[in-house]
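As a plain string of letters, each chain reads:
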Amino acid sequence: MKSIKIRPKVFFSKEISPEKLAEIAQLLNDDFKPNKLGIKIDIGTKNDENNIYPEFFRPLVDYFQGTVIDSNSLYISAEKNIKEFSKYFETEILDINTPDDELEIKEGKILKKTFIGNNLKKYDSFIIISNFFNTNKLGLGVIYELSFGLASKKGKTLQMTGGKTDDFSEIKNKKCENKIFKEALAEVAFFIYNYIKKNAIFINILGKINNENKNNIGIFASTDPVAVDKASVDFVNYSQNNDMIKKIEDLDEKYLIDCSDKLGIGNKDYELIPIN
């Protein structure tokens, strides 16, 4: 008898506010069993007008009692990135003052290994939050944050070069083409999702937090990373926000979602549940 694939629930709020962010995450609490919780926030880069200020996350962090975590980026140290958040919350950098953990990806076609910060193993549950409107040129969404965002600098380098090197000094000459990069992202996302035993909540924020904006869409949340990214892309297309539509096309985000769906990270066929 053929099994029926259950569609994952994606909760959606048109309102973008600190209170609504906490509320939408709490709706997923029945499927989520946090003990030592890491909250990975897409902090963005300095002076980006789309950055989300730390206090926006206070109701969520206070409710779940988690630690805000980050990994070193390719060009900016996590200490600088997370500095503002450490004024408000308990924070930890995953790949600092300890050697990276080198982990084998046995079934990887693009990558045979990845590197993550040694401190990641301290956590048994995660909330991963992506600011979909940031100006990051490499990727967006929670699948990207799950793979690239949680990887150490060496792990990020491996992904960007399609497995050719983990030496950052060689990245310019060995950078792979974008579709290979997306396949590498999907492989690492699949590996890390299983490494953390799928005990995570994924949230995309689509809008400019610091002002009212006609292009604001809302907040999407699910325990399925593929479903939440697919819903976010669908709503960008519905919104006719040409800048964001072009960005999604330029970054091959639909290809990343397709690769992740095929690997079994999640399901593109979702059930949308508005909460407003």
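These numbers come from a predicted model, not from an experiment. (Residues numbered from 1 in each chain as written. Predicted model: local features only at pLDDT ≥ 70, side-chain atom pairs only at ≥ 80, totals over all residues. Heavy atoms only, no water.)

Enquirer: Can you walk me through the sheet that holds strand β4 (residues 91-93) in this structure?
Expert: Strand pairs in the sheet, formed through backbone hydrogen bonds, run parallel or antiparallel to each other. Spatial strand order, β4-β3-β2-β7-β8-β9-β1-β10: eight strands in an open sheet with mixed pairing. Every other strand in the sheet has two partners, leaving β4 and β10 (271-274) as the edge strands with one partner each. Taken pair by pair, the neighbouring strands of this sheet meet at an average axis angle of 25°, ignoring direction. Both strand β2 (residues 37-41) and strand β3 (residues 67-70) contribute to a ladder of three bridges, which runs parallel. Directly across from Gly 38, in β3, lies its bridge partner Thr 67. (Pairing = 2+ DSSP bridges. Helix = DSSP H or I, 4+ residues; strand = E, 2+ residues; numbered from the N terminus. Axes fitted to C-alpha atoms, helices over the stretch in contact; angles between N-to-C directions.)

Enquirer: I tried to follow the environment of Asn 51 on my own but got confused; where do I start?
Expert: In this structure, Asn 51 sits in the loop between β2 and α2 (58-64). Given the relative accessible area of 18%, Asn 51 is considered buried. Residues Asn 51 and Tyr 88 lie 37 residues apart in sequence; the distance between their C-alpha atoms is 16 Å. (Buried < 20%, exposed > 50% of the residue type's maximum accessible area, 1.4 Å probe, protein only.)

Enquirer: I would appreciate a short explanation of the packing of aromatic side chains in the present structure.
Expert: Each aromatic ring pair is specified by the distance between its two centres and by the angle formed by the two planes. Within this structure, the stated rule accounts for 15 aromatic pairs. Taking the centre distance of 4.9 Å and the plane angle of 80° together, the rings of Tyr 63 and Phe 64 count as edge-to-face. Under the relative-accessibility criterion, Phe 64 is labelled buried at 9%. Between the aromatic rings of Phe 191 and Tyr 195, the centroid separation amounts to 6.2 Å while the plane-to-plane angle is 20°, which identifies the pairing as stacked. (Phe/Tyr/Trp six-rings, centres within 6.5 Å; stacked < 30°, edge-to-face > 60°.)

Enquirer: Would you mind going over the environment of Gly 264 with me for this structure?
Expert: Within the element layout of this structure, Gly 264 appears in the loop between α10 (253-263) and β10. For the pair Gly 264 and Glu 102, spaced 162 residues apart in sequence, the C-alpha separation works out to 23 Å.

Enquirer: How should the pattern of salt bridges be read in this particular structure?
Expert: Should their charged atoms come close, side chains of opposite charge can pair. Throughout the structure, instances matching the rule amount to 13 salt bridges. Its salt-bridge partner being Lys 122, residue Glu 92 comes within 2.6 Å of it at the nearest N-O pair. Within this pair, whereas Glu 92 is found in strand β4, its partner Lys 122 is found in the loop between β6 (113-116) and β7 (125-131), the two being separated by 30 residues in sequence. A relative accessible area of 17% places Glu 92 in the buried class. Since its relative accessible area comes to 45%, Lys 122 is described here as partly exposed. Notably, a salt bridge pairs Lys 182 with Glu 253, separated by 3.0 Å at the nearest N-O pair. Of this pair, Lys 182 sits in helix α7 (residues 178-195) while Glu 253 sits in helix α10, placing them 71 residues apart in sequence. Residue class for Lys 182 comes out buried when judged on its relative accessible area of 0%. Using a relative accessible area of 2% as the deciding quantity, one classes Glu 253 as buried. (Salt bridge = Lys/Arg side-chain N within 4 Å of Asp/Glu carboxyl O.)

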